[in-house]
Amino acid sequence: MAKNRKNQSAAIRFGPALKALGLCLLIAGSAVGYVWQKSRIYQLGQQIRQREMRLTRLQNNNQKLDGQLSILRLPVMLDRRARELNLGLAPAQPNQVLRLTEPAPPPPADRTLTHQLAVRPATEMTQ
Amino acid sequence: MTKRLQWKRVLLLLALLGLAFAGLGYRLVDLQVLRHEELAVKAQQNTQREFWQPPRRGNILDARGNLLATSLFVKTVCADPVLIGNRQAAVAHVLAPLLQLDESDLYQRLLPRLGKNQKGEIVTNRYVVLQHKVSDETWQKIQMTMTNFAAGVDERKLSRTERASLRDLRSNAIFADPVDDQLRVYPGGSLASHVLGFTATEAGTNRVARIVGRDGIEMVLNSALSGAAGWRVTRTDRQKRELVTLRDEDVQARDGLNVVLTLDAAIQHIVETNLADALQKHTPISITGIVMRPRTGEILALATLPNYDPNNPGGSPLDARRDRVISDLMEPGSTFKIVVVSGALNEGAVRLTDTFDCEQGHFAFAGRVLHDHEPYGLLTTEGIVTKSSNIGAAKIGIRLGQDHLYDYACDFGFGQRTGIPLPGEARGILYPVKDWSKVSIAQIPMGHGIAVTRLQMILAMCALANDGWLMRPMLINRLEDQNGNVVRQYYPQRVRQVISDSTDKLVVDALKTVVSPEGTAAGAAMKYYTVAGKTGTAQKVENGTYAEHKFVSSFIGFFPADDPELCISVVMDEPKEGYYGGQVCGPVFKEIAERCASYLNIPPDKTSESPGAPAPLVAAGTARPASTQ
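Cut-offs used in this document
Residues numbered from 1 in each chain as written. Chains lettered and ligands numbered in written order. Predicted model: local features only at pLDDT ≥ 70, side-chain atom pairs only at ≥ 80, totals over all residues. Helix = DSSP H or I, 4+ residues; strand = E, 2+ residues; numbered from the N terminus. Rg over C-alpha atoms; globule rule 2.2 N^0.38 Å. Buried ≥ 20, exposed ≤ 12 C-beta atoms within 10 Å, placed from the backbone. Contact = placed C-beta atoms within 7 Å. Axes fitted to C-alpha atoms, helices over the stretch in contact; angles between N-to-C directions. Parallel < 35°, antiparallel > 145°, perpendicular 65-115°, else oblique. Nonpolar A, V, L, I, M, F, W, Y, C, P; charged D, E, K, R; others polar. pLDDT = per-residue confidence, 0-100. Pairing = 2+ DSSP bridges. Left-handed = near helix turned anticlockwise from the far one by under 90°. Core = buried A, V, L, I, M, F, W, Y, C linked by C-beta atoms within 7 Å.

## Digging into the overall build of chain B
(1) Moving on: Check the secondary structure of chain B and you find 21 helices and 27 strands.
(2) Moving on: Its C-alpha radius of gyration of 37 Å places chain B more than 25% over the 25 Å reference for a compact globule of 629 residues.
(3) Moving on: Overall, chain B is about 155 × 55 × 50 Å in size when its C-alpha atoms are taken along their principal axes.
(4) Moving on: Among the 629 residues that make up chain B, the fraction classed as buried is 44%.
(5) Moving on: Contacts in chain B between residues at least 24 apart in sequence constitute 71% of all its contacts with a sequence separation of at least 6.

## Brief notes about the overall build of chain A
(1) Moving on: From N to C terminus, chain A includes four helices and zero strands.
(2) Moving on: Along chain A, helices and strands appear, N-terminal first, in the series α-α-α-α.
(3) Moving on: For chain A, buried positions account for 3% of its 127 residues.

## Regarding the packing of helix α4 (residues 88–99) of chain B against helix α6 (residues 136–147) of chain B
Residue and element names in this part refer to chain B.
(1) Moving on: Across the interface, α4 lies against α6 with an axial gap of 10 Å and an inter-helix angle of 170°. Considered as vectors, α4 and α6 are oriented roughly antiparallel to each other. Each of Val94, Leu95 and Leu98 in α4 lies in contact with α6, whose residues at this interface are Thr138, Lys141, Ile142 and Thr145.
(2) Moving on: The residue inventory of the contact of α4 with α6, partitioned by class, reads four nonpolar, two polar and one charged.

## As for the confidence of the model for chain B
Residues and elements named next belong to chain B.
(1) Moving on: Mean pLDDT over chain B works out to 89, with 96% of the residues at or above the 70 mark.
(2) Moving on: When pLDDT is averaged over each element of chain B, strand β14 (residues 258–261) comes out on top at 97 and strand β4 (residues 114–116) at the bottom at 82.
(3) Moving on: Low pLDDT (under 50) marks residues 611–629, which in the prediction has 40 contacts with non-local residues, meaning those over four places away or in another chain.
(4) Moving on: This complex was scored by the predictor with a pTM of 0.82 and an ipTM of 0.71.

## With respect to the environment of Gly392(B)
Residues and elements named next belong to chain B.
(1) Moving on: Summarising the element assignment, Gly392 is placed in helix α15 (residues 390–400).
(2) Moving on: According to the C-beta neighbour criterion, Gly392 is buried, with 30 such atoms within 10 Å.
(3) Moving on: Sequence separation of Gly392 and Ala96 is 296 residues, and the distance between their C-alpha atoms is 71 Å.
(4) Moving on: Non-local contacts of Gly392, meaning those with residues more than four positions away in its chain, are made with Phe356, Cys358, Leu379 and Ile384.

## Here we look at the interface of chain A and chain B
(1) Moving on: Between chain A and chain B, the residue contacts involve 19 residues of the former and 22 residues of the latter.
(2) Moving on: Looking at the side of chain A that touches chain B, the elements that each hand over two or more residues are α1 (10–73) and α2 (75–85) of chain A.
(3) Moving on: Among the elements that make up the side of chain A that touches chain B, the one with the highest residue count is α1(A) (10 residues).
(4) Moving on: Classifying every residue of the side of chain A that touches chain B by side-chain character gives 10 nonpolar, four polar and five charged.

## What about the sheet that holds strand β26 (residues 545–559) of chain B?
All names here are of chain B.
(1) Moving on: In space, the five strands of this open sheet follow the order β16-β15-β27-β26-β25, with antiparallel pairing throughout. Each having just a single partner strand, β16 (298–305) and β25 (532–542) make up the two edges of the open sheet. Averaged over all pairs of adjacent strands, the angle between their axes in this sheet comes to 10°, without regard to strand direction.
(2) Moving on: As defined by bridge partners, strand β15 (residues 286–293) adjoins β16 across seven bridges and the pair is classed as antiparallel. By the bridge assignment, Arg293 is partnered in β16 with Glu298.

## Looking at the confidence of the model for chain A
Residue and element names in this part refer to chain A.
(1) Moving on: This prediction gives chain A a mean pLDDT of 79; 75% of its residues lie at or above 70.
(2) Moving on: Looking at the elements of chain A, mean pLDDT is at its lowest for helix α4 (residues 122–126), recorded as 42, and at its highest for α1, recorded as 89.
(3) Moving on: Note on residues 117–127: pLDDT under 50 across the span, and one contact to partners over four residues away in sequence or across chains.

## Quick notes on unusual backbone geometry
Residues and elements named next belong to chain B.
(1) Moving on: Of note, the bond from Leu305 into Pro306 is cis; its omega dihedral lies within 30 degrees of zero at 5°.
(2) Moving on: Within the secondary structure, Pro306 is located in the loop between β16 and α12 (324–327).
(3) Moving on: Residue Phe559 is joined to Pro560 through a cis peptide bond whose omega torsion reads -20°.
(4) Moving on: Along the polypeptide, Pro560 turns up in the loop between β26 and β27 (566–573).
(5) Moving on: Of note, Thr283 is a non-glycine position whose phi angle comes to about 40°, a positive value.
(6) Moving on: You can see Thr283 is positioned in the loop between α11 (265–282) and β15.
(7) Moving on: Of note in the backbone geometry, Ala366 takes a positive phi value of approximately 50° without being a glycine.
(8) Moving on: Turning to its location among the elements, Ala366 is positioned in the loop between β18 (362–365) and β19 (368–371).

## Remarks on the packing of helix α13 (residues 337–347) of chain B against α15(B)
Residue and element names in this part refer to chain B.
(1) Moving on: Where α13 contacts α15, the two axes come as close as 9 Å, and the packing angle between them is 45°. Judged by the angle between their axes, α13 and α15 are oblique. The way α13 lies across α15 gives a crossing that is left-handed. Facing α13, whose interface residues are Lys337, Val340, Val341, Gly343, Ala344 and Glu347, α15 presents Ala393, Ile396, Gly397, Arg399 and Leu400.
(2) Moving on: A per-class count over the contact of α13 with α15 returns six nonpolar, two polar and three charged.

## Quick look at the environment of Ala409(B)
Residues and elements named next belong to chain B.
(1) Moving on: Along the chain, Ala409 turns up in helix α16 (residues 402–411).
(2) Moving on: When the C-alpha positions of Ala409 and Gln108 are compared, they lie 65 Å apart, and in sequence the two are 301 residues distant.
(3) Moving on: Contact partners of Ala409, with chain neighbours within four places excluded, come to Val339, Phe414, Gly415 and Leu430.

## Observations concerning the environment of Arg4(B)
Residues and elements named next belong to chain B.
(1) Moving on: Structurally, the position occupied by Arg4 is in helix α1 (residues 2–34).
(2) Moving on: You can call Arg4 exposed: it has 8 C-beta atoms within 10 Å.
(3) Moving on: Taking the C-alpha atoms as reference, Arg4 lies 108 Å from Ser327; in sequence the two are 323 residues apart.

## Overview of the nonpolar core
A general tendency of soluble globular proteins is for nonpolar side chains to be buried together.
Residue and element names in this part refer to chain B.
(1) Moving on: Val291, Ile458 and Met461 are the most contacted members of the largest nonpolar core, which totals 135 residues.
(2) Moving on: Excluding residues within four positions of it along the chain, Met461 makes contact with Ile338, Ile556, Phe558 and Cys567.
(3) Moving on: Core analysis: the second largest hydrophobic core is formed by 16 residues, Ile84, Ala92, Ala173 and Ile174 among them.

## Regarding the pairing of strand β3 (residues 67–79) of chain B
Residue and element names in this part refer to chain B.
(1) Moving on: With 10 of 13 residues buried, β3 lies mostly within the body of the structure.
(2) Moving on: Taken together, the two bridges between strand β2 (residues 60–61) and β3 define a ladder with antiparallel strand orientation. Note that in β3 the partner of Ile60 across the bridge is Ala69.
(3) Moving on: The turn joining β2 and β3, which pair antiparallel and follow one another in sequence, is formed by five residues; a positive phi near 85° is taken by Gly65.
(4) Moving on: Inspection of the sheet shows β3 paired to strand β8 (residues 181–185) by five bridges, in the antiparallel sense. What sits directly across from Leu72, in β8, is Leu183.
(5) Moving on: Examined bridge by bridge, β3 and strand β6 (residues 128–134) share four bridges and lie antiparallel to one another.

Now the structure itself:
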């Protein structure tokens, strides 16, 4: 004869309750995890976007500064600045330039040829 | 009985539920199947966004990497009149100075206007462009100004809605267009303006404004400089923030190539400053200067005054924007004698020591009387070059013959475009022999009856400085990408050898005497370098006749004469305070040449104490080596 459920002991009914709780936690955890993951993806996307914008800004700034440096180096600007500062600069005259003549290198052709002839086997030379 | 009632209720409930589900099911089929196409497009339109990325226009650099033209990204500042509400006056007051606009004009622009949208509905405009090409710094100031915008009211007394609209005004009413605009900047101002040219902004597709070259290198190499636009197809949330993970397409813009010219900014500056001094001294209509390397045809400087600032091309008259070096035609005058003398020597028609009677300055030929600027008797061929005798040159031309003269003029590149990569180059005028008059054979050798550009003339002189080889003018050295990788390299190109090496040496010998004390350009002689060159003074033609007191004066020379590094041309149109080429242009040549020689550290070929002894000008019967051909 089947037992009346009201007479079942508490210990026996605790198992299914735990299972149900576990299942609920699993479902809730999965849902929270899913939302957290989506939220994280969104946040990371925003961070990527911000970094991209920063990179673009920095690249533009870099180009701008590069341009400013180039402008300062322009001969026109240097000339203007030298005149403003009244430095009394003038082009060097050719007689003020000391030119050093480099010694001519020794003729390598004969030596190389001799060396090649010396190291080559006689058979190769005859071919 | 009770059970039956319960069953009825259950069935009724089931029927109602079934009906509801059937309705929902139909709606589902309607949305997902029947109206799928239409709704899918709508949904995509709500979330999908397309952003265009403008490519950065390439830089133009000189041969040493100096920046001659560059591009800066700038903002287009816009407004949403709806969000401004009724605070136009206050907003206009704070923004007008930053945007450099008139306050009342700005006020008018901020007023909301009604218009019709694509569907024909009446809507208020929500996008007004306030100012183009606003720098980053100014845009940051505008943002700060708007963030701290004081509406002139006690905000605590405002309602919640009013406070929200004020917040909207501060953060969203003034915004920058998401697509950056570009500003073309020429750091050197008017430096090399005729070579660089200028640009204009055109409305392109997809709201990406295009910068288009309108003149000079900017125009000729527009496609290489422009690059290609990039794009990004992505999705946004309700607040129009991009959802990076849902990007569909992301193609980076390909920036334009950098153009490296053969110009040297320092030499260009030297030429322009010296020309400016000469312009002040002789007040000609215009003055031009060209510096070339004769061995390669590289153009190191190409200047025309008056010039213009390409940063603001509209601020200068149209005349100043014309590159006279390549587009203006002139009778070359005596500088053209190099052609007839070279041709005659090359053909063996004359020798340097052959003598010609220069008729004491009056020579009647074919019903016309030709004149010299001074009366000369017997002159050698070399003396004719030294003294620039018109009558002597005419007689050499007559001895050379029409056909040969025409052929040599063609071979030196006259009557045809040089191929310089600049727009608007003129061909010049060189009539075929069949169209010549009887006097042409005497006139053309002295540089009349022919029209040339200044560039053609210096190229002919460069050919003499380059053993008789005519070179194609070279203005572009290479194209490179943003990382400095060479995409295309240009090399010097020989066109043809016009005269032989040996003839060339004879011509150079003759040209050296031009800057001697007996020559027409003693003022062009340099202390440490041997100069070879030729002067020219041509009367201008007005209404079909030669004007009495209007001249085009020129000097074209190269140095060191026996191993030329540079060839320089200076031409003045209607100079005052003197008009002879050697008198007005010779000293300018000398100044430019000395500064260039110092800058380029060209080894001198003579000491200041040993000036080259000039050859005898008058026939003395001494034989010189004759031309081999």
